[in-house]
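Geometric and topological summary
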Protein chains: 2
Amino acid sequence: MNQHINRQVRLKSRPTGIPQAEHFEIIEEPVPCPTDGQILIRNIFLSVEPAMRGWVSSVANYAEPVSLNTVMRALAVGQIVESYDPGFKPGEYVTGLFGWQNYIVVDASGIQRKVSNNSLPISTALGVLGLNGITAYFGLLEVGMPTPGETVVVSSAAGAVGSCVGQIARIKQCRTVGITGGPEKVRLCRDVFQYDHAIDYRIESLDEALSATCPEGIDIYFDNTGGKISDAVLRHLNIGARVVICGTASIDSWEPTPLGPRVERHLLVNRARMQGFLVFDYQNRYTEALDALTEWVDAGLIHYREDILKGIQQAPGSIAGLYRGENLGKRLIQIAGI
Amino acid sequence: MNQHINRQVRLKSRPTGIPQAEHFEIIEEPVPCPTDGQILIRNIFLSVEPAMRGWVSSVANYAEPVSLNTVMRALAVGQIVESYDPGFKPGEYVTGLFGWQNYIVVDASGIQRKVSNNSLPISTALGVLGLNGITAYFGLLEVGMPTPGETVVVSSAAGAVGSCVGQIARIKQCRTVGITGGPEKVRLCRDVFQYDHAIDYRIESLDEALSATCPEGIDIYFDNTGGKISDAVLRHLNIGARVVICGTASIDSWEPTPLGPRVERHLLVNRARMQGFLVFDYQNRYTEALDALTEWVDAGLIHYREDILKGIQQAPGSIAGLYRGENLGKRLIQIAGI
């Protein structure tokens with residue numbers, strides 16, 4: 001394979017807010033050679049996710065920051081080209097933190113899992129059947145703890161995680177209300193992801209819309225945004241409500257910490273709970289989530305959408321586009337044929 | 001008893017922030033007469049507590065607001081003068097929401113409990129062996145869920161609830177750090193309530209003091225204040241930390257909601273939890289708490305302090321004094337001999 005070039009997207013400088021194209025550069029390297037126990041993988045789909053802003057930030061986070069002048073950390077799904085590990089064979093599809101690049105050499109510990117379900121495209125391994133779906137599954141079920149008849153509100157409701165949360169809540173017989181931005185996403189929420197109601201925060205008064213769609217208050221808020229959307233939702237919490245903090249996409253920078261209305265009173269009066277959630281804490285239970293998600297997708301109970309950019313040259317600007325909300329569905333970059 | 005006068009402290013006007021003396025007036029009424037099934041009680045100690053600010057506010061709360069021109073709601077301990085209920089006898093001491101007044105007529109449902117432990121003063125029924133102790137017990141154990149070796153930080157650490165929280169945490173083998181205001185309270189925290197460390201928020205940099213006293217971070221924060229103290233504490237949370245929101249004493253008014261640093265990031269990065277807590281939700285388990293607290297006080301494992309004002313004329317200004325932090329220990333008003 002060494003006649004090929006390995007194009008890598010490297011972190012060139014550290015953004016203070018949302019990473020833009022200019023914070024990355026594309027470098028050409030020779031394709032690495034696997035040796036004993038190693039596996040050469042050709043990446044096909046690269047993932048783009050909101051969490052990447054945190055990964056390239058120098059501010060304290062749950063993950064080590066990506067070092068400058070190294071390949072951007074990213075989940076990817078690829079195909080094995082050469083293998084010197086008996087557990088893996090050329091031609092198999094696998095996922096892992098393979099980075100924004102064409103090729104990578106890893107040992108078996110660098111592979112998350114083989115992609116085995118043949119009825120669904122391999123790209124789903126980065127979305128609904130990947131960390132996005134798993135995040136929705138554990139965040140909603142373990143932290144949100146829905147019971148039938150409860151009202152569940154989701155921010156970034158049409159996003160890769162949010163759309164899955166809404167549909168799992170529906171499977172669990174909850175009323176679901178999605179908050180999203182723009183008419184296309186509102187339509188997606190209603191027609192594809194089957195929310196009972198969808199609110200366009202860009203044109204509606206959130207307070208009025210929440211009163212109208214959640215007349216009995218909100219029992220679970222699955223929060224992917226933080227910020228003003230959350231401020232409005234918290235005013236409608238029921239007694240015993242649970243707020244699952246999964247992301248803070250609406251906050252451009254945490255340095256310095258932005259101000260917002262204090263939450264203590266909402267939580268005290270309603271005996272409500274706000275809890276941060278990281279999917280990595282559930283690593284030893286991923287299989288359970290994947291089994292359930294696969295069954296639900298196969299049964300037509302969970303629908304998904306993908307937004308596939310073509311070519312690695314799209315990667316540097318792809319995070320900023322995500323924060324502008326330009327994607328409809330899980331954002332991926334396809335850099336090779338299947 | 002009708003030759004006596006029943007002096008009542010009534011709510012005259014609704015404060016926007018902390019209730020001051022001028023929001024109340026003292027009225028003289030004839031002592032009420034009990035009839036069949038009723039009990040006449042002579043109050044001895046009246047309770048003063050931070051929660052009273054909420055009870056007289058018109059802003060949404062966990063309790064119905066006290067109506068204008070009615071007796072101020074308050075817990076009290078008193079002695080039965082006449083009883084037309086076979087379950088109660090003259091001379092017995094009882095507690096209940098008897099209000100800021102000398103006498104009250106109730107039926108059996110208006111009595112919380114008989115005060116039976118003869119080894120401790122009856123005033124403890126309003127503090128360490130009353131709602132304050134019970135609040136500390138369930139808030140710390142059920143919401144905070146301490147395990148041995150964890151670091152527990154308490155705000156209003158010398159207060160009626162806080163002092164009890166710190167000592168229960170110590171019984172549960174936690175490291176305890178109290179935050180309080182002024183040298184006398186710091187001394188109380190160290191010498192009487194046996195905190196491992198006490199911080200004077202009025203003169204110390206909270207950030208530095210917390211770094212010094214909690215070098216391994218904070219696992220549980222029992223929050224009686226909210227505001228800037230909480231802002232500092234949240235910066236030191238450990239992964240999996242629990243924040244028990246029990247009171248918001250440092251916030252003068254919630255109308256409009258004051259601003260503060262947003263908390264989402266702390267909670268997300270640390271997978272931490274903030275949860276509001278109201279003792280009334282544990283009403284059916286009060287006996288369990290009282291049994292444990294009585295045992296600990298009797299065994300010398302929990303110490304308490306009382307700040308006893310004399311005469312009902314002290315009542316109107318007593319809440320404001322509490323918010324100024326002028327009391328050392330549980331604030332009570334004694335209006336009759338025992």
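How each quantity is defined
- All residue numbers refer to position in the chain's written sequence, counted from 1.
- All chains are assigned letters beginning at A, and all ligands numbers beginning at 1, according to the order in which they are written.
- Side-chain atom pairs in this predicted model are given and counted only at pLDDT of 80 or more, local residue features only at pLDDT of at least 70, and totals for whole chains, interfaces and linings cover all residues.
- In this description a helix means any DSSP run of H or I spanning at least four residues, a strand means any run of E spanning at least two, and both kinds are numbered starting from the N terminus.
- The atom set for the radius of gyration is the C-alpha atoms, and the globule formula is 2.2 Å times the number of residues raised to the power 0.38.
- Here the C-beta atoms are placed from the backbone, and a residue counts as buried if at least 20 other C-beta atoms lie within 10 Å of its own, exposed if 12 or fewer do, and partly exposed otherwise.
- Two residues qualify as a contact pair if the distance between their C-beta atoms, derived from the backbone, is within 7 Å.
- For this overlay, a least-squares fit was computed on C-alpha atoms, restricted to residues scoring pLDDT of at least 70 in both copies.
- Two strands pair if DSSP finds at least two bridges between them.
- A fitted line through C-alpha atoms serves as each axis, taken over the contacting stretch for helices, and the angle formed by two N-to-C directions is quoted from 0 to 180°.
- The handedness rule is simple: strands pointing away from the viewer, and a clockwise path from the first strand over the helix to the second, make the crossover right-handed.
- The domain limits used here are those given by an automatic or database domain assignment.
- Roughly parallel means an angle under 35 degrees; roughly antiparallel means over 145; roughly perpendicular covers 65 to 115; every other angle is labelled oblique.
- By the definition used in this description, the sense in which the near helix is turned from the far one sets the handedness, with an anticlockwise turn below a right angle giving left-handed and a clockwise turn giving right-handed.
- Each residue gets one label: Ala, Val, Leu, Ile, Met, Phe, Trp, Tyr, Cys and Pro are nonpolar, Asp, Glu, Lys and Arg are charged, and the others, such as Gly, are polar.
- As a per-residue quantity, pLDDT reports the predictor's confidence and falls between 0 and 100.

1. Considerations on the overall build of chain A
Helix and strand counts for chain A come out as 9 helices and 16 strands. For chain A, whose C-alpha radius of gyration is 20 Å, the value lies close to the compact-globule estimate of 20 Å for 338 residues. Here chain A holds 338 residues, and 52% of them are scored as buried. Considering only intrachain contacts with a sequence separation of at least 6, the fraction spanning at least 24 residues in chain A is 67%.

2. Here's the deal with the relation of the copies chain A and chain B
Overlaying chain A with chain B gives an RMSD of 0.0 Å, the required rotation being 180° about an axis along which the chain moves by 0.0 Å. Those values place the two copies in the arrangement expected of a two-fold rotation axis.

3. Observations regarding the sheet that holds strand S14 (residues 273-276) of chain A
Spatial strand order, S10(A)-S9(A)-S8(A)-S11(A)-S12(A)-S14(A)-S14(B)-S12(B)-S11(B)-S8(B)-S9(B)-S10(B): 12 strands in an open sheet with mixed pairing. The two strands at the open ends of the sheet, each matched to only one other strand, are strand S10 (197-200) of chain A together with strand S10 (197-200) of chain B. This sheet shows a mean twist of 15° between the axes of neighbouring strands, independent of strand direction. Of the strand pairs in this sheet, strand S8 (residues 151-155) of chain B and strand S11 (residues 218-223) of chain B are connected by 3 bridges, and their pairing is parallel.

4. Regarding the interface of chain A and chain B
Counting from both sides, the interface comprises 30 residues of chain A and, opposite them, 30 residues of chain B. Counting only elements with at least two residues in the side of chain A that touches chain B, the list comes to strand S13 (259-261), helix H7 (264-269) and S14 of chain A. It is H7(A) that provides the largest number of residues to the side of chain A that touches chain B, a total of 5 residues. Here S13(A) runs beside strand S13 (residues 259-261) of chain B; their pairing, made up of 3 bridges, is antiparallel. Residue A:Pro261 lies in a different strand from S13(B), and its bridge partner there is B:Leu259.

5. Digging into the pairing of strand S12 (residues 237-245) of chain B
Residues and elements named next belong to chain B. Across 5 bridges, the pairing between S11 and S12 is parallel. Considered in S12, the bridge of Tyr221 is made with Val243. What joins S11 to S12 is helix H6 (residues 227-234), and the crossover it makes is right-handed. When S12 meets strand S14 (residues 273-276), the two strands line up parallel, connected through 4 bridges. Within the sheet, the bridge partner assigned to Val243 lies in S14 and is Met274.

6. Overview of the domain arrangement of chain A
All names here are of chain A. Looking at chain A, the domain boundaries give domain 1 (5-127 + 304-334) and domain 2 (131-280). A separation of 28 Å is found between the C-alpha centroids of domain 1 and domain 2. Taken together, the contacts link 14 residues of domain 1 with 18 residues of domain 2.

7. Notes on the packing of helix H5 (residues 206-213) of chain A against helix H6 (residues 227-234) of chain A
All names here are of chain A. Interhelical geometry of H5 versus H6 gives an angle of 45° and a closest axis separation of 9 Å. Judged by the inter-axis angle, H5 sits oblique to H6. Pair H5 / H6 crosses with right-handed handedness. Facing Leu206, Asp207 and Leu210 of H5, the residues of H6 in contact are Ile229, Ala232 and Val233. Across the contact of H5 with H6, the residue classes tally to 5 nonpolar, no polar and 1 charged.

8. A word on the environment of B:Val105
Residues and elements named next belong to chain B. Inspection of the secondary structure assignment puts Val105 in strand S6 (residues 103-107). C-beta crowding within 10 Å serves as the criterion here: with 18 such atoms nearby, Val105 is assigned to the partly exposed category. Residues Val105 and Pro258, 153 residues apart in the sequence, show an inter-C-alpha distance of 41 Å.

9. What to know about the confidence of the model for chain A
Summary statistics for chain A give a mean pLDDT of 94 and a share of 98% for residues scoring 70 or more. Predicted complex, confidence summary: ipTM 0.87, pTM 0.90.

10. Considering helix H2 (residues 131-144) of chain A
All names here are of chain A. The buried fraction of H2 is high, at 12 of 14 residues. Among the residues of H2, those classed as buried are Leu131, Asn132, Gly133, Ile134, Thr135, Ala136, Tyr137, Phe138, Gly139, Leu140, Val143 and Gly144. Where the residues of H2 are buried, they touch helix H3 (162-171), strand S11 (218-223), strand S12 (237-245), S14, helix H8 (286-298) and strand S16 (330-334). Remark: Met145 follows H2 within two positions and exhibits a positive phi of approximately 50°.

11. Some details on helix H9 (residues 315-323) of chain B
Residue and element names in this part refer to chain B. Taken together, the buried positions of H9 are occupied by Ala315, Pro316, Ser318, Ile319 and Leu322. Its buried side turned inward, H9 meets strand S1 (5-11), strand S2 (24-30), strand S3 (38-47), helix H1 (52-55), strand S15 (306-310) and strand S16 (330-334). The first or second residue beyond H9 is Gly325, which carries a positive phi of 75°.

12. Observations regarding the environment of B:Pro65
Residues and elements named next belong to chain B. Relative to the elements of secondary structure, Pro65 occurs in the loop between H1 and strand S4 (76-83). In this structure, the C-alpha to C-alpha distance between Pro65 and Trp55, residues 10 residues apart in sequence, is 5.0 Å. Beyond its immediate sequence surroundings of up to four residues, Pro65 is in contact with Trp55, Val56, Ser57 and Ser58.

13. Focus on the packing of helix H2 (residues 131-144) of chain B against helix H8 (residues 286-298) of chain B
Any two packed helices are characterised by how steeply their axes cross, that is the angle between the axes, and by the distance between the axes. Residue and element names in this part refer to chain B. At a minimum axis separation of 9 Å, H2 and H8 run at an interaxial angle of 100°. Taken together, H2 and H8 sit at an angle that is classed as roughly perpendicular. Counted together, Gly133, Ile134, Tyr137 and Phe138 of H2 and Tyr286, Ala289, Leu290, Ala292 and Leu293 of H8 form the full contact between these two elements. Grouping the constituent residues of the contact of H2 with H8 by class yields 8 nonpolar, 1 polar and no charged.

14. Some details on the pairing of S15(B)
Regular strands have side chains that alternate between both faces of the sheet. All names here are of chain B. Bridge count for S15 against S16 is 5 bridges, and the pairing is parallel. Each residue of the ladder has a partner; that of Asp307, found in S16, is Arg331. With H9 bridging S15 and its parallel neighbour S16, the resulting β-α-β unit is right-handed.

15. Some points on unusual backbone geometry
Of note, the phi angle at A:Ser156 is positive, near 50°, even though the residue is not glycine. Tracing the backbone through its elements, the reader meets A:Ser156 in the loop between strand S8 (151-155) and H3.

16. Some words on the environment of B:Pro19
All names here are of chain B. On the secondary structure map, Pro19 appears in the loop between S1 and S2. Taking C-alpha positions, Pro19 is 9.0 Å from Ser318, a pair spaced 299 residues apart along the chain. In this structure, Pro19 is in contact with Met52, Arg53, Val56, Ile319 and Ala320, ignoring residues within four places of it in sequence.

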